[in-house]
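What the coordinates show
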Amino acid sequence: MRLYVNIDHVATIREARKTDEPDPVRAAVLVELAGADGITVHLREDRRHVQERDVRLLAETCRSVLNLEVAAEDGVVEVARDIAPFQVTLVPESREEVTTEGGLDLVSSHVRERVAQATRRLQEVGVRVSLFIDPSSEAVRASAELQVEAVEFHTGEYAHARDLGEREREVTRLRHAAALAVDLGLAAHAGHGLTYENVAAVAAIPELEELNIGHAIVSRAVFVGMERAVREMRVAMDRGRRGLATGTQG
Ligand code: PXP
C-alpha cells in the first residue's frame, strides 16, 4: 500500500508569515527520504497555502511522484495541465470551508459535466485522474462512467464517527465501495482525517492501494521536532553570548 504525504500545512505555516520558511519543497525531500511513495499538495483557488510556484518546483524536484489536488475549475485545471504531474485528484472546493468537506457530488449534472471536462483536459496531456468521492456505489459507478483511472474515498465520515458502531458501518461502506471500484476497473485510494490511531482499519482494506495523509503527519512532525528545534536555538544564543564575552561574534 502506498503512502502519499500531503504537505499543504507546511505551506500553511509559511503563509502565516508570508515568508519563505518552512519551504514545502524542502519538506518533500525529507518526506521522500523517510520512505513516502508520493507527495500530495492541494492548489486551492484562494491559494491559502500552496502556491503555484511550489507546485512547479515540486514537479521538477520530486523523486517520487506528485499528486496534485485541484477543483474541477478552468483556472486550476489549466495550471495542472501545464505542470502535468503524475496524478491529479479532482476535489470539490468551496472558499468557506476549512478543509475539503465531502466527495464530489457526481449526481449533480452540473458537477458531472465539469468533472468530465476537466478529466478530458487532463488525460489529453497524459495525467492520471483520480476523483475524490464519498464511499457510495452511486459515486463509484458515476466515476467509472467518466473513465477516470482512480477514485479516492473520503474517509472523513469514518474519522469523525462518534461511536464504535458508526465506525464499523463506515469501514464496511469503505470496504464495499473499494471492492466495487476495483470490479469496475478503478484503482482505489482513500484519505482525509486519517490519524495514527484510526489508520489501521482503513489500511486493512485489501483493495485500497494508496492513502493520502496530511494533517496528522505534519502535526506529529511539530512535536517530534520541537525539542531539537529549541535546543538548536539555545545553542545559537549561547554562541552569541560567548562572542560577547570574548569580543567576537558567532
Ligand atoms: N485527500 C484529499 C483529497 C484531501 O483534500 C485531503 C485534505 O487536503 C487529504 C486527503 C488529507 O487529509 P488530512 O490532511 O486530513 O490527512
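Fair warning: this is a prediction, and the values are worked out from it, not measured in the lab.

Reading guide: rules and limits
Residues numbered from 1 in each chain as written. Predicted model: local features only at pLDDT ≥ 70, side-chain atom pairs only at ≥ 80, totals over all residues. Heavy atoms only, no water. Pairing = 2+ DSSP bridges. Helix = DSSP H or I, 4+ residues; strand = E, 2+ residues; numbered from the N terminus. Axes fitted to C-alpha atoms, helices over the stretch in contact; angles between N-to-C directions. Buried < 20%, exposed > 50% of the residue type's maximum accessible area, 1.4 Å probe, protein only. Lys, Arg positive; Asp, Glu negative; His and termini not counted. Salt bridge = Lys/Arg side-chain N within 4 Å of Asp/Glu carboxyl O. Polar contact = N/O pair within 3.5 Å; in protein donor to acceptor, adjacent residues only side chain to side chain. Contact = heavy atoms within 4.5 Å.

1. A closer look at the sheet that holds strand β4 (residues 87–90)
Reading around the barrel, the eight strands line up as β1-β2-β3-β4-β5-β6-β7-β8 and close back on themselves, with parallel pairing between neighbours. In this sheet, adjacent strand axes meet at a mean angle of 25 degrees when their direction is disregarded. For β4 and strand β5 (residues 128–133), the ladder comprises four bridges, and the chain directions are parallel. Looking at β5, one finds that T89 is bridged to S130.

2. So, unusual backbone geometry
The omega torsion of the bond from E21 to P22 falls at 0 degrees, within 30 degrees of zero and hence cis. A positive phi angle, close to 50 degrees, is found at K18, a residue other than glycine. Considering the arrangement of structural elements, one finds K18 in the loop between α1 (8–17) and α2 (24–33). Of the residues examined, K18 reaches a relative accessible area of 65% and is grouped as exposed. A positive phi is found at A84, a non-glycine position, where the angle reads about 50 degrees. With respect to the secondary-structure elements, A84 resides in the loop between α4 (74–83) and β4. For A84, a relative accessible area of 36% puts it in the partly exposed group.

3. Describing the side chain of E69
By secondary structure assignment, the location of E69 is in strand β3 (residues 66–70). Buried charge E69 goes without a salt bridge, the closest partner of opposite sign being R44 at 7.0 Å. Only 3.5 Å separates the side chain of E69 from the side chain of H42, close enough to count as a polar contact. When near neighbours in sequence (up to four residues on either side) are disregarded, E69 contacts N6, T40, V41, H42, L43, T89 and V91.

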